[in-house]
Amino acid sequence: MRRPAAAAALLVLCLAACARLPGLVPPGPGMDLPAACEVPLFVTRPCRLVHAIEAEFARGRGGVFMGVTVADPGRRHLEAALLTLEGLVLFEARSHGALQVQRHLPPFDRPGFAQGLFQDLEMLFFPPPEGPALRGRLADGSAVCRYPAGDGTTVDLVRPAGGDWEIRRYGARGRLTRRARPCRPAGPGPPDCVHLEALGTADYRLTLRLLESEALTGLEP
Amino acid sequence: MTDPRPRATHAAAAKLRIRPPGRRRASRAAGLAAVLLLLLAARPARADWTASWDSIQAAAGAVQAVEADFAQEKHLRILSRPLTATGRFAYRAPDALRWEYRTPVRSVLLAADGTVRRFVQRGDALVADDSLGMAAVQVVVQDLTRWLKGRFDANPDFTAELGAGGRVRLTPRRPELAAVIARIELQLAARPGVIETVTIVEDDANYTRLTFRDVRLSDTLPEALFRVVDP
């Protein structure tokens, strides 16, 4: 019994140690790369978005919530609230440089939840702050714009061959930690439904259905 | 009988379109009497049934079944205009309840014989919801049925105050609960046994207001309404 357990532990260790970013084939002369760096989900001006969020957590638990997001891409400011369908505010926070949590009820009071939520929102609605460090193709032919971040994580904006778009985030060790994509072929405009999948230690799957979108002017400084 | 006031007063009053003082007093008194009569005519039902907890419980206790549409407005610090939801509810004494949201996300809560089930729209289907929020939902159902029976003072977690004009204010006793809900305000309708609005205040900027419309009282409602999602 000890040998299989040791082998499994070794395999897990090896997978963790050996995980690395998928390699990119740089675009050679005459190699046409589509506009992988443009994801129609990113907001281009200050706006308020209201989503119905279907959540699936580990062990089959889940729920449906309402999410309100105020996003200002120019200043990279975000505000967010999570509510029950009955209107009770479960979580409310803003990120204006620093993250300020105004309200958090269980289970949304767990350490790291607020940071994780705002990282997800930033990944979904804001393009990476700097231009891509790399462009190329994955082995399956998908076009990729790659954005390494200062904390060791990496975001790939992916255009699968013949498909729609995907946003993938990799951890510091190169393991895929988040994947976002439209629920169905979305066309060129902003999608009205997005799947967000958290992989690895955070294990959840969200479906965000857009209910309302409002352009904002004169946001508070 | 001659008017002792100088003619100049009448002339000036006519210019300014002001009635002479004597007539003004008389018309004010008549106006007051009319308003008083109107108030007396309008108030008896509300004054009768909302005068005390006992009279409220007596009036609400006489209600066997009620159905109404509702509009829910969620006011949030980060919203310029409220989030709105609409739905319908049905109650049959002593504890059968159906609470249904129709927009923007359909959900149906069914409570009968002490069992509470909720179904929520996921994609194109209504699916059973065993989410993290079900414990809170059961508490809400318990409170709703208490209110519909006129037992606003029955929840030991809240202090209930009955104000003038059928206003009920529930204030949490424990600080842990007050951190979640600052207070609940209910406005009773003129019609005995009927609630007009419920306002759940979370803090100064965040509150939810439910307004009930087209309230229909009856002797009973079909069993299926409380047991089947689409009766």
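Residues numbered from 1 in each chain as written. Chains lettered and ligands numbered in written order. Predicted model: local features only at pLDDT ≥ 70, side-chain atom pairs only at ≥ 80, totals over all residues. Heavy atoms only, no water.

If you tally the helices and strands in chain A, you get two helices and 12 strands. Listing each helix as α and each strand as β along chain A from the N terminus yields α-β-β-β-β-β-α-β-β-β-β-β-β-β. In chain A, buried positions account for 45% of the 221 residues. Contacts spanning at least 24 positions in sequence make up 44% of the contacts within chain A whose residues lie at least 6 apart. (Helix = DSSP H or I, 4+ residues; strand = E, 2+ residues; numbered from the N terminus. Buried < 20%, exposed > 50% of the residue type's maximum accessible area, 1.4 Å probe, protein only. Contact = heavy atoms within 4.5 Å.)

Moving on, we come to the nonpolar core. Most often, soluble globular proteins have nonpolar side chains that are buried together. The biggest cluster of nonpolar side chains holds 80 residues, and the ones touching the most others in it are I167 of chain A together with F89 and F152 of chain B. Ranked by the residues each element gives to this core, the list is headed by helix α2 (residues 113–125) of chain A, at eight residues. Apart from residues lying up to four places away in sequence, F152 of chain B is in contact with W53, I56, W147, A160, V168, L170, L186, L188 and I195 of chain B. If you look at the next biggest cluster of nonpolar residues, it comprises 17 residues, including A52 and V64 of chain A together with L79 and L83 of chain B. (Core = buried A, V, L, I, M, F, W, Y, C linked by side-chain atoms within 4.5 Å.)

All names here are of chain B. This prediction gives chain B a mean pLDDT of 82; 77% of its residues lie at or above 70. A low-confidence stretch, residues 1–21 (pLDDT under 50), is modelled with 10 contacts involving residues beyond four sequence positions or located in other chains. Predicted confidence is poor over residues 35–47, with pLDDT under 50, and the contacts of this stretch with residues over four places away or in other chains come to 10 contacts. (pLDDT = per-residue confidence, 0-100.)

Next up on the list: the environment of D151 of chain A. Residues and elements named next belong to chain A. Examined against the element boundaries, D151 turns out to sit in the loop between β7 (143–148) and β8 (154–159). With 21 residues separating them along the chain, D151 and A172 place their C-alpha atoms 7.3 Å apart. A distance of 2.6 Å separates a polar atom in the side chain of D151 from a polar atom in the side chain of T153. (Polar contact = N/O pair within 3.5 Å; in protein donor to acceptor, adjacent residues only side chain to side chain.)

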